[in-house]
Amino acid sequence: MALRHTDSFDDRTSNANVQRDYDVVFQGASSTVTISAGNGRNGTAALKLATTLGSTLSAGYVQRRVPASGQTYIAHFSWKTNVLPTAAYGIHSIMDGGTIQFWLRLNTDGTISAMSGTTVLGSSTATIATSTEYYFSLKVVVDTTTGTVDLDVYNAGTPTTFLTLTGQNTCASAVEQWTSFRHGWNSGNTAGQTANTT
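Our subject in this report is the structure included herewith. Keep in mind the model is a prediction, meaning the values are calculated, not measured. (Residues numbered from 1 in each chain as written. Predicted model: local features only at pLDDT ≥ 70, side-chain atom pairs only at ≥ 80, totals over all residues. Heavy atoms only, no water.)

1. Topic: the side chain of Ser124
Thought 1: Mapping Ser124 onto the fold places it in the loop between strand E9 (119-123) and strand E10 (134-141).
Thought 2: We classify Ser124 as buried; its relative accessible area is 6%.
Thought 3: Within the structure, Ser124 has its side chain in polar contact with the backbone oxygen of Ala126 (distance 2.7 Å).
Thought 4: Residues in contact with Ser124, not counting those within four places in the same chain, are Thr111, Ile112, Phe162 and Leu163. (Helix = DSSP H or I, 4+ residues; strand = E, 2+ residues; numbered from the N terminus. Buried < 20%, exposed > 50% of the residue type's maximum accessible area, 1.4 Å probe, protein only. Polar contact = N/O pair within 3.5 Å; in protein donor to acceptor, adjacent residues only side chain to side chain. Contact = heavy atoms within 4.5 Å.)

This is the structure in structure tokens:
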């Protein structure tokens, strides 16, 4: 296992800074992806993903390709949303080529679901609240039969285990690997929903 990417939006001042480091900065017809000064967890900048019109065209994310990286994926990121969605939407995913292998879904009640394709692998009983900074610690093993998902979510330094799943099919493609990650949301239709991530 090797470190494939590390980043923080704390020091970003413009979208050009983001476009330099990511292969894809995607904005749906009714969404915006911008650097937002002062909204990061340290009072610095954050990546802001906002739906402005309330449409099914509300995807907004950054995506980074890496060399084929084996089965194990580990990510740490912060997340804050100002409202819970009226339709569940994805907030983080890993891909093999153009196929999303695994993704995290924020549900309308603040719970988090582990997803592979359209299959719900498991859902948390713990919830996240609006206007609160959370730090996600995620580990996924991509496998057709023995995949695992571990998700701990920290609030003010205190961890809560959201998901511990074993014996899962976390592989939606024909190959048990990941070649890119996508950070942000890629579905949902809630007018005015925003999320900040650092």
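On we go from here.
2. Some details on the sheet that holds strand E1 (residues 24-27)
Thought 1: Read across the open sheet, the 7 strands follow the order E1-E4-E13-E6-E7-E8-E9; overall the sheet is antiparallel. Either end of the sheet is taken by a strand with one partner, and the two such strands are E1 and E9. Across the sheet, the mean angle separating the axes of adjacent strands is 20° when strand polarity is ignored.
Thought 2: By the bridge criterion, 4 bridges tie strand E6 (residues 89-96) to strand E13 (residues 180-185) in an arrangement that is antiparallel. Residue pairing for E13: Ile94 is matched across the bridge by Phe181. (Pairing = 2+ DSSP bridges. Axes fitted to C-alpha atoms, helices over the stretch in contact; angles between N-to-C directions.)

3. Notes on the environment of Thr179
Thought 1: If you trace the backbone, Thr179 turns up in the loop between strand E12 (158-168) and E13.
Thought 2: A relative accessible area of 14% means that Thr179 is categorised as buried.
Thought 3: Once residues within four sequence positions are removed from consideration, Thr179 is found in contact with Arg64, Arg65, Val66, Ala68, Met95, Asp96 and Gly97.

4. So, the pattern of salt bridges
Thought 1: For the structure on display, the rule yields 1 salt bridge.
Thought 2: Arg65 is paired through a salt bridge with Asp23; the nearest N and O atoms lie 3.6 Å apart. With Arg65 in strand E4 (residues 60-65) and Asp23 in the loop between helix H1 (15-21) and E1, this residue pair connects regions lying 42 residues apart in the sequence.
Thought 3: The exposure class of Arg65 is exposed, given its relative accessible area of 53%. (Salt bridge = Lys/Arg side-chain N within 4 Å of Asp/Glu carboxyl O.)

Such coordinate-based values are descriptive only and should not be taken to indicate function.
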